[in-house]
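Residue strings, one per chain:
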Protein chains: 2
Amino acid sequence: MSSFTEEQEALVLKSWGLMKKDAGDLGLKLFLRIFEIAPSVKKLFSFLSGGGGDAGEVPLSQNPKLKAHAKTVFVMTCQAAVELRKAGKAVGRGESSLKKLGATHFKYGITDAHFEVTRYALLETIKEAVPEEMWNEEMKDAWGVAYDHLVAAIKSEMHDNEFKET
Amino acid sequence: MSSFTEEQEALVLKSWGLMKKDAGDLGLKLFLRIFEIAPSVKKLFSFLSGGGGDAGEVPLSQNPKLKAHAKTVFVMTCQAAVELRKAGKAVGRGESSLKKLGATHFKYGITDAHFEVTRYALLETIKEAVPEEMWNEEMKDAWGVAYDHLVAAIKSEMHDNEFKET
């Protein structure tokens, strides 16, 4: 995995500064894009599969639980990128601690393909969120590398779960 | 799964008529899009993973084996859509018989997520291949439904392999 350079950190900081205030909308866009590419991912979310009684009656984009979840995920992902160099590694906190994320992703059988679809959807979401002239290959790589660090950290915790089971 | 209507068949025929002569290029675009969304899919192709000696020296888009394979897959997929109503079901032939496709996709552990990424990439490829004014929700649905029939047929053969193993 590529290391995350100072220049890449600057690009992440600059774009996050612009996106932060719209994190709710952008998180929702991220998830809608993931579901567009891979609709079966919806089945992984109990609050989307009719278990909650009122699911199915409101469109996805209006589902309050999805909106809240999507914002949390988007902010956490971007925050991990923003803090990556300072912390020396991808970090989470509270409900989004890497240990919890590892356990959840392990429990739901998340695969490389899922992480990759999310990476693609994240980069597309950021591309559309920032001013056109700000988006370029360097910006794409910066977010891509930061995401790869986060995923590597989550996968490492997932493997710990694997060893616990055997 | 939705049934494939006469109107949808007409949309598929019309667009396939325009795309057919570029099937090689379009097949390659389809695979490059799949690899862009899910790079780990490359690992499933022995001719991309350095096994062939010269792999890795030429860019993906110039790899002759990928080009040949991509064209076969694209033509087969579109042909199955074109013949879907006449045949009453998705059909393959020769090296692309459903039995062989079922066995290969089973062997490589292809999942729902893979089929979904391919669906998304296929629709994006067709969207960019046809004249802008020809692409609309109906055209998208027509190709999407035809693809779903093909995947259902392949999955059914995959399950037959599953039963053989147990």
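Procedures and definitions
Residues numbered from 1 in each chain as written. Chains lettered and ligands numbered in written order. Predicted model: local features only at pLDDT ≥ 70, side-chain atom pairs only at ≥ 80, totals over all residues. Heavy atoms only, no water. UniProt positions renumbered as here; feature names shortened; annotations may be inferred. Helix = DSSP H or I, 4+ residues; strand = E, 2+ residues; numbered from the N terminus. Rg over C-alpha atoms; globule rule 2.2 N^0.38 Å. Buried < 20%, exposed > 50% of the residue type's maximum accessible area, 1.4 Å probe, protein only. Contact = heavy atoms within 4.5 Å. Areas by Shrake-Rupley, 256 points an atom, 1.4 Å probe, with all protein chains shown as cover. Phe/Tyr/Trp six-rings, centres within 6.5 Å; stacked < 30°, edge-to-face > 60°. Buried area = accessible area lost by both parts, 1.4 Å probe. Salt bridge = Lys/Arg side-chain N within 4 Å of Asp/Glu carboxyl O. Expected span 1.5 Å × (residues − 1). Arc of directions from axis to C-beta.

Looking at an unreviewed UniProt entry, one finds chain A named Globin domain-containing protein, with Cuscuta campestris as its source organism. The record held by UniProt for chain A lists under Sequence similarities (unreviewed entry) the comment "Belongs to the plant globin family."

Engineer: Please explain the overall build of chain A as it appears in this structure.
Structural biologist: Broken down by element type, chain A carries 7 helices and 0 strands. Reading the helices (α) and strands (β) of chain A from amino to carboxyl end gives α-α-α-α-α-α-α. Compactness check: chain A gives a C-alpha radius of gyration of 16 Å against a globular reference of 15 Å for 166 residues, within 12% of the reference. Looking at the 166 residues of chain A, the share that counts as buried comes to 45%. At a minimum sequence separation of 6, the contacts of chain A that also span at least 24 residues come to 76%. Per element, the accessible surface of chain A, about 9,000 Å² overall, is 52% carbon and sulfur.

Engineer: Before we go on, may I ask you to explain the side chain of Glu83(A) in this structure?
Structural biologist: Residue and element names in this part refer to chain A. Within the secondary structure, Glu-83 sits in the loop between helix H3 (64-82) and helix H4 (84-87). Overall, Glu-83 belongs to the buried group, its relative accessible area being 15%. Setting aside residues no more than four positions away along its own chain, Glu-83 makes contact with Gly-88, Val-91 and Arg-93.

Engineer: Would you mind going over the packing of aromatic side chains with me for this structure?
Structural biologist: Ring pairs (aromatic) are described by centroid distance and by the angle formed between their planes. Residue and element names in this part refer to chain B. In total, this model carries 11 aromatic pairs over all chains according to the counting rule given. Seen in terms of ring centroids, Phe-31 and Phe-45 are 5.8 Å apart; in terms of plane orientation they differ by 70°. Their pairing is edge-to-face. One end of the pair, Phe-31, is in helix H2 (residues 23-37); the other, Phe-45, is in the loop between H2 and helix H3 (64-82), with 14 residues separating them in the sequence. Given a relative accessible area of 16%, Phe-45 falls into the buried group.

Engineer: Explain the interface of chain A and chain B here, please?
Structural biologist: Quite often, the size of an interface is put as the accessible area lost when its parts meet. Counting from both sides, the interface comprises 14 residues of chain A and, opposite them, 14 residues of chain B. Carbon and sulfur atoms supply 53% of the area buried between chain A and chain B, which totals about 1,200 Å² over both sides. Of all residues in chain A, Ile37(A), Glu116(A) and Tyr120(A) bury the most surface against chain B, accounting for 47% of the area lost on that side. Scanning the region where chain A abuts chain B turns up 0 salt bridges. Mapped onto the side of chain A that touches chain B, the elements with two or more residues apiece are helix H2 (23-37) and helix H6 (112-129) of chain A. The dominant element in the side of chain A that touches chain B, judged by the number of residues it contributes, is H6(A), at 6 residues.

Engineer: Is there a simple way to think about helix H1 (residues 6-19) of chain A in this case?
Structural biologist: Owing to its 3.6 residues per turn, the α-helix brings residues three or four apart onto one side. Residues and elements named next belong to chain A. The end-to-end C-alpha distance of H1, which contains 14 residues, comes to 20 Å, matching closely the 20 Å that a straight helix rising 1.5 Å per residue would cover. Every buried residue of H1 is listed here: Gln-8, Glu-9, Leu-11, Val-12, Ser-15, Trp-16 and Met-19. The arc enclosing the buried residues of H1, seen along the axis, measures out at 160°, which places them on a common side. Turned more than 90 degrees from where H1 packs its buried face, Glu-6, Glu-7 and Gly-17 sit exposed.

Engineer: Before we go on, may I ask you to explain the pattern of salt bridges in this structure?
Structural biologist: Pairs can form between side chains of opposite charge once their charged atoms are near each other. Applying the stated criterion across every chain, the model contains 18 salt bridges over all chains. Residue Arg33(A) pairs with Glu128(A) through a salt bridge whose shortest N-O separation is 3.0 Å. Of this pair, Arg33(A) sits in helix H2 while Glu128(A) sits in helix H6, and the two are 95 residues apart along the sequence. Using a relative accessible area of 55% as the deciding quantity, one classes Glu128(A) as exposed. One salt bridge in this structure joins Lys99(B) and Glu157(B), with 3.7 Å as the shortest N-O distance. On the criterion of sequence distance, the pair formed by Lys99(B) in helix H5 (residues 98-107) and Glu157(B) in helix H7 (residues 137-165) is long-range, its members being 58 residues apart. The class for Lys99(B) is exposed, based on a relative accessible area of 55%. Overlapping salt bridges bring together Glu6(A), Glu9(A) and Arg85(A) as one network.

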